[in-house]
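Notes for the structure review
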Amino acid sequence: MKIRDILAKRERGISLEFFPPRNAGGKEGFMKVVNELRRYDPLFVSVTCSPGNLAHERTVDAITWMRQETDLTVMPHPTCIGATRESIDMVLRKYIKNGIDNILALRGDPPENVPDFHSETGEFAYAKDLVAFAGTYDAFSIGVAAYPEGHPQSPNLEKDIEYTKMKVDAGADFAIAQMFFDNRYFYEYLERARKAGITIPILPGILTVTDCRKIEEFSDFCSATIPPALKEKMYPVPDKPEEMTKINLEYALKQCEDLRANGVTYLHFYTMNKSGIVSRIIDALGMGK
Ligand code: FAD
């Protein structure tokens, strides 16, 4: 089912993001987590994709397992950086052949090992180009990424919104926000977006990781600010997993409660392929079935 139709029908709910296992041997563990979380009746589940053909195969494999073994609505995250029209055409046709009718259309990150790489000169310079191209197939509901604190390469927040609006104008049906730890960034983002005429649903992205080193790693990578209050709690206990889990569970739960109290009805969880903390948050929020 197309995600735009699901969001039009369901006023509230959660969505779940996974990454594909490295190889087919990881299927059992992957599907175990998916099966533990599917009882929450997610709006949809999505699977990340690293650039490159092999990585893409892994995403399609994971999506295919879920399609064959569950009734979940699925969405891969194709990236277009460095791609050609021909290669993207092959990817999109493969999706259609596999019954996939939703995509999160992304540009992706420039390859680190190619110093002179210029994405602007490629056939797909930005995600908006993939949105427009995928739209011509008339087969997909298309989501895009949004950045409450601004994308790290955006010159400023105003330009960031302007570029996001271009993705919407190109045909995006919904957006998923990069992780953030301070809800004010999300509320301010929503305000800027609505002022700019962006009316599509924007789902907040919640990171559910309990290891503080990982939280720092992800935050650095995405330029997401860790509030001092969270740092103060996390830093003294990096080697005490139980305390760390408690702190981060409490933090993420409070964050979700505040979002709900402020009228946010959809929550997108970056599960990191773990079911425990996500289940506990959804149970506590009473958002599961
Ligand atoms: P774009 O929207 O194209 O933006 C890229 C940069 O270009 C931004 O700085 C933007 O401001 C700028 N820009 C956009 N349009 C213009 C324009 N017309 N003129 C000038 N500048 C412009 N990455 C992966 O590799 N795999 C994944 O599975 C994945 N999943 C993600 C899921 C979510 C929910 C999010 C939020 C991000 C995800 N990413 C993933 C990361 C994403 O690929 C990177 O953040 C990437 O750097 C930008 O992708 P984008 O689609 O947002 O690009």
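What this report covers is the structure whose coordinates are included nearby.

Rules and cut-offs
- Residues numbered from 1 in each chain as written.
- Predicted model: local features only at pLDDT ≥ 70, side-chain atom pairs only at ≥ 80, totals over all residues.
- Heavy atoms only, no water.
- Helix = DSSP H or I, 4+ residues; strand = E, 2+ residues; numbered from the N terminus.
- Rg over C-alpha atoms; globule rule 2.2 N^0.38 Å.
- Buried < 20%, exposed > 50% of the residue type's maximum accessible area, 1.4 Å probe, protein only.
- Contact = heavy atoms within 4.5 Å.
- Areas by Shrake-Rupley, 256 points an atom, 1.4 Å probe, with all protein chains shown as cover.
- Lys, Arg positive; Asp, Glu negative; His and termini not counted.
- Charge placed at Lys NZ, Arg CZ, Asp CG, Glu CD.
- Pairing = 2+ DSSP bridges.
- Axes fitted to C-alpha atoms, helices over the stretch in contact; angles between N-to-C directions.
- Near = heavy atom within 4 Å.
- Polar contact = N/O pair within 3.5 Å; in protein donor to acceptor, adjacent residues only side chain to side chain.
- Nonpolar A, V, L, I, M, F, W, Y, C, P; charged D, E, K, R; others polar.
- Phe/Tyr/Trp six-rings, centres within 6.5 Å; stacked < 30°, edge-to-face > 60°.
- Lys NZ or Arg CZ within 6 Å of the ring centre and 35° of its normal.
- Right-handed = clockwise from strand over helix to strand, strands pointing away.
- Salt bridge = Lys/Arg side-chain N within 4 Å of Asp/Glu carboxyl O.

1. Remarks on the overall build of the chain
A count of helices and strands for the chain gives eleven helices and eight strands. In terms of C-alpha radius of gyration, the chain reaches 18 Å, essentially the compact-globule figure of 19 Å for 289 residues. Each principal axis of the C-alpha distribution contributes one length, and for the chain these read about 50 × 45 × 40 Å. Here the chain, with 289 residues, has 51% of them falling under the buried criterion. For the chain, restricting intrachain contacts to residue pairs at least 6 apart in sequence, the fraction spanning at least 24 positions comes to 80%. When the accessible area of the chain is evaluated, it comes to approximately 14200 Å², of which 50% is carbon and sulfur surface. Across the chain, 36 positive and 41 negative side-chain charges occur, with their mean positions spaced 4 Å apart.

2. Structural notes on the sheet that holds strand E4 (residues 102–104)
Reading across the sheet, the eight strands line up as E3-E2-E1-E8-E7-E6-E5-E4 and stay open at both edges, with parallel pairing between neighbours. Each edge of the open sheet is held by one strand with a lone partner, namely strand E3 (74–76) and E4. Recorded for the sheet is a direction-independent mean angle of 25 degrees between the axes of neighbouring strands. The pairing of strand E6 (residues 174–179) with strand E7 (residues 202–207) spans three bridges and is parallel. Directly across from Met 179, in E7, lies its bridge partner Gly 205. Of the strands in this sheet, strand E2 (45–47) and E3 touch helix H3 (residues 53–69), which is tilted by about 175 degrees from E3. Its contacts with the sheet place helix H7 (residues 183–195) against strand E5 (141–146), E6 and E7, and it is angled at close to 160 degrees to E7.

3. Concerning the site of the ligand
Looking at the ligand, there are 23 residues lining it, with Cys 49, Asp 109, Tyr 147, Ser 154 and Lys 167 nearest. In the environment of the ligand, an oxygen atom lies 2.7 Å from a nitrogen or oxygen atom belonging to the side chain of Ser 154. In this structure, an oxygen atom belonging to the ligand sits 2.7 Å away from a side-chain N or O atom of Lys 167. Computed on the free molecule, the ligand has an accessible area of 980 Å², of which 87% lies beneath the protein chains in the complex. For the shell around the ligand, the class distribution of residues is eleven nonpolar, eight polar and four charged.

4. Examining the packing of aromatic side chains
For the structure on display, the rule yields seven aromatic pairs. On the basis of an interplanar angle of 70 degrees and a centroid distance of 5.7 Å, the ring pair of Phe 18 and Phe 30 is categorised as edge-to-face. One end of the pair, Phe 18, is in strand E1 (residues 13–18); the other, Phe 30, is in helix H2 (residues 27–37), with twelve residues separating them in the sequence. As far as burial versus exposure is concerned, Phe 18 and Phe 30 are alike and both buried. Within the aromatic cluster, the residues linked to one another by ring pairs are Phe 18, Phe 30 and Trp 65. Between the NZ or CZ atom of Arg 85 and the centre of the ring of Phe 124, over which it lies, the distance is 5.9 Å.

5. Re the pairing of E5
Counting buried positions along E5 yields six of six residues, so the element is predominantly enclosed. Of the two faces of E5, the one holding Ser 141, Gly 143 and Ala 145 and the one holding Ile 142, Val 144 and Ala 146 are both buried throughout. Bridge count for E4 against E5 is three bridges, and the pairing is parallel. Among the inter-strand pairings, Leu 104 is bridged to a residue of E5, identified as Gly 143. Taken together, E4, helix H5 (residues 127–135) and E5 form a β-α-β motif whose crossover is right-handed. As judged from the four bridges shared by E5 and E6, these two strands associate in the parallel manner. Note that in E6 the partner of Ala 146 across the bridge is Ala 177.

6. Regarding the pairing of strand E8 (residues 266–270)
Every regular strand shows the same layout, with side chains that alternate between the two sheet faces. For E8, the tally of buried residues reaches five of five residues, placing the bulk of the element in the interior. Burial along E8 is two-sided: Tyr 266, His 268 and Tyr 270 and Leu 267 and Phe 269, pointing in opposite directions, are all buried. Relative to E8, E1 runs parallel, the two being bridged by five bridges. Residue Leu 16 lies in a different strand from E8, and its bridge partner there is Phe 269. The sheet contact formed by E7 and E8 spans three bridges and is parallel. If you follow Gly 205 over to E8, its bridge partner there is His 268.

7. Remarks on the pattern of salt bridges
Within the structure shown, the criterion is met by twelve salt bridges. In this structure, Asp 169 and Lys 165 form a salt bridge, with 3.1 Å as the shortest nitrogen-oxygen distance. Here the residue Asp 169 and the residue Lys 165 both occupy positions in helix H6 (residues 157–170), the gap between them amounting to four residues, near one helical turn. Taking relative accessible area as the criterion, Asp 169 reaches 55% and is therefore assigned exposed. Owing to a relative accessible area of 23%, Lys 165 belongs among the partly exposed residues under this scheme.

Remember that the coordinates give geometry; whether it matters functionally is a separate question.
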